[in-house]
Amino acid sequence: MKIVTWNVNSVRARLPHVENFLKDQQPDVLLLQELKCEDHAFPGSLGDFGYNCAVYGQKTYNGVAILSKHPIEDVQKGIPNFEDAPARYIEAFTGGVRVASVYVPNGQTITSAAYGYKLNFLEALCAHMQYLLALDEHIVIAGDYNIAPTDEDVYDPVAWKNEVLCTPAERESFRKILYAGYTDALAQKTGSTPYTWWDYRKGSFAKDSGLRIDHLLLSPRASDSLVNSTVHRYVRGLEKASDHAPVEVSLKI
DNA sequence: ATGGTTGCAGCGCAA
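The present account deals with the structure reproduced in this document. (Residues numbered from 1 in each chain as written. Chains lettered and ligands numbered in written order. Predicted model: local features only at pLDDT ≥ 70, side-chain atom pairs only at ≥ 80, totals over all residues. Heavy atoms only, no water.)

## Quick word on the packing of aromatic side chains
Okay, so step 1: A full pass over the atoms with the stated rule returns six aromatic pairs.
Okay, so step 2: Judged by centre distance (6.5 Å) and plane angle (15°), the ring pair of F82 and Y117 falls under stacked. With F82 in the loop between β5 (72-77) and β6 (89-94) and Y117 in helix α2 (residues 113-133), this pair connects stretches of sequence that are 35 residues apart.
Okay, so step 3: Here F82 falls in the buried class, since its relative accessible area comes to 18%.
Okay, so step 4: Among the residues examined, Y117 registers a relative accessible area of 25% and is labelled partly exposed.
Okay, so step 5: Judged by centre distance (5.8 Å) and plane angle (90°), the rings of Y145 and F174 are edge-to-face. Here Y145 is found in the loop between β8 (139-144) and α3 (157-160), whereas its partner F174 is found in helix α4 (residues 168-180), with 29 residues between them in sequence. (Phe/Tyr/Trp six-rings, centres within 6.5 Å; stacked < 30°, edge-to-face > 60°. Helix = DSSP H or I, 4+ residues; strand = E, 2+ residues; numbered from the N terminus. Buried < 20%, exposed > 50% of the residue type's maximum accessible area, 1.4 Å probe, protein only.)

This is the structure:
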């Protein structure tokens, strides 16, 4: 069972890349973030590739979706018990796994209202993820968390010290989710750099100036079935690429 | 060099 998360930075602008990715990689489930379109504008062609689609769209900003080769059931849009107008969370049960596609707010700057909102969002997300653990299912909550969990996940930790994406409060929020019982599937990967996002500016990808901010968090049951995880870096190197690469886990289910 | 790039929308904002 292959599950992939990918912030596409506009699904319409990225349509050829998404189609090619589905054809080439054949994931069972593809979790998308930053659709930047409403439900009616979501490309219907993706269904033609053999995927069912659950879409929570929004005009211009945000938007998340679940694509699956398996039937999609029990769809939940938005984090329960969290008043949150932007389309940043969608959850469903598919192929024996409960999955969610989450787009955590960026946070802009530490002094902005957006930063406080980000921390509130993370608190609500953590509470809901804790609730889900009681179901004792295979669960994969994946997406753009907009947090680099440790200095190991940053190309220049000194330059990024206390910058948004790397602040102690954000990292504490992330650790709370792990302490609740989730496993960061990519955390123990060694070898090449683990980055998932490279800024469009300053030739960041060519210099591998990246951060690891896209994560797949696994419930204990899902973690026990984890076979492999990988970042599809080549996708970031394509013409007209998203600034995020797809990130994959394979589970033995 | 307080910059740089992208997407949406149609100007500045968010990232």
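## Things to note about the sheet that holds strand β13 (residues 226-231)
Okay, so step 1: On the basis of which strands lie adjacent, the open sheet formed by six strands has the order β3-β4-β2-β1-β14-β13 and mixed pairing. Edge positions in the sheet fall to β3 (52-56) and β13, since each of these pairs with one other strand and no more. When strand polarity is set aside, the average angle formed by the axes of neighbouring strands in this sheet is 15°.
Okay, so step 2: Pairing geometry for strand β1 (residues 2-7) and strand β2 (residues 29-33), over five bridges, is parallel. Residue pairing in the sheet places I3 in a bridge with V29 of β2.
Okay, so step 3: Across the sheet, helix α1 (residues 15-25) is in contact with β1, β2 and β4 (64-68); its angle to β1 comes to roughly 165°. (Pairing = 2+ DSSP bridges. Axes fitted to C-alpha atoms, helices over the stretch in contact; angles between N-to-C directions. Contact = heavy atoms within 4.5 Å.)

## Some details on the side chain of S68
Okay, so step 1: Along the polypeptide, S68 turns up in strand β4.
Okay, so step 2: Residue class for S68 comes out buried when judged on its relative accessible area of 0%.
Okay, so step 3: A polar contact of 2.7 Å, which involves the side chain of S68, links it to the side chain of T94.
Okay, so step 4: The contact partners of S68, leaving out residues within four places of it in the chain, are D28, V29, G50, Y51, N52 and T94. (Polar contact = N/O pair within 3.5 Å; in protein donor to acceptor, adjacent residues only side chain to side chain.)

## Details of the nonpolar core
Okay, so step 1: Counting residues in each nonpolar core, the largest one holds 28 residues, and the members touching the most others are I3, I66, V99, V140, L216 and L251.
Okay, so step 2: Among the secondary structure elements, those contributing two or more residues to this core are β2, β3, β4, β6, β7 (97-103), β8, β12 (214-218) and β14 (247-251).
Okay, so step 3: The contacts of I66, once residues within four sequence positions are left out, are V29, L30, L31, N52, C53, A54, I72, I90, E91, A92, V99 and S101.
Okay, so step 4: Membership of the second largest hydrophobic core comes to 21 residues, among which are I79, F82, A100 and L125. (Core = buried A, V, L, I, M, F, W, Y, C linked by side-chain atoms within 4.5 Å.)

## Let's talk about the protein's contact with DNA strand B
Okay, so step 1: Around DNA strand B lies a shell of 16 residues, among which S10, R14, R201, K202 and K240 are the nearest.
Okay, so step 2: Each atom of DNA strand B within 4 Å of the protein was assigned to sugar, phosphate or base; sugar and phosphate come to 64%.
Okay, so step 3: A distance of 3.4 Å is found between a phosphate oxygen of DNA strand B and a side-chain nitrogen or oxygen belonging to Q108.
Okay, so step 4: Within the side chain of K240, a nitrogen or oxygen atom sits 3.2 Å from a phosphate oxygen of DNA strand B.
Okay, so step 5: Looking at the surface near DNA strand B, its residues break down into three nonpolar, five polar and eight charged. (Near = heavy atom within 4 Å. Nonpolar A, V, L, I, M, F, W, Y, C, P; charged D, E, K, R; others polar.)

## Considerations on the pattern of salt bridges
Okay, so step 1: Under the criterion given, the structure shown has 11 salt bridges.
Okay, so step 2: Between R98 and E137 there is a salt bridge; the shortest N-O distance is 2.6 Å. You can see R98 sitting in strand β7 and its partner E137 sitting in the loop between α2 and β8, a full 39 residues away along the chain. Judged on exposure class, the residue R98 and its partner E137 are both buried.
Okay, so step 3: K118 serves as the salt-bridge partner of E170, at 2.5 Å between the closest nitrogen and oxygen. One end of the pair, E170, is in helix α4; the other, K118, is in helix α2, and 52 residues separate them in sequence. Of the two residues examined, E170 and K118, each falls in the buried class.
Okay, so step 4: Through salt bridges that share partners, D74, E91, R98 and E137 make up one connected network. (Salt bridge = Lys/Arg side-chain N within 4 Å of Asp/Glu carboxyl O.)

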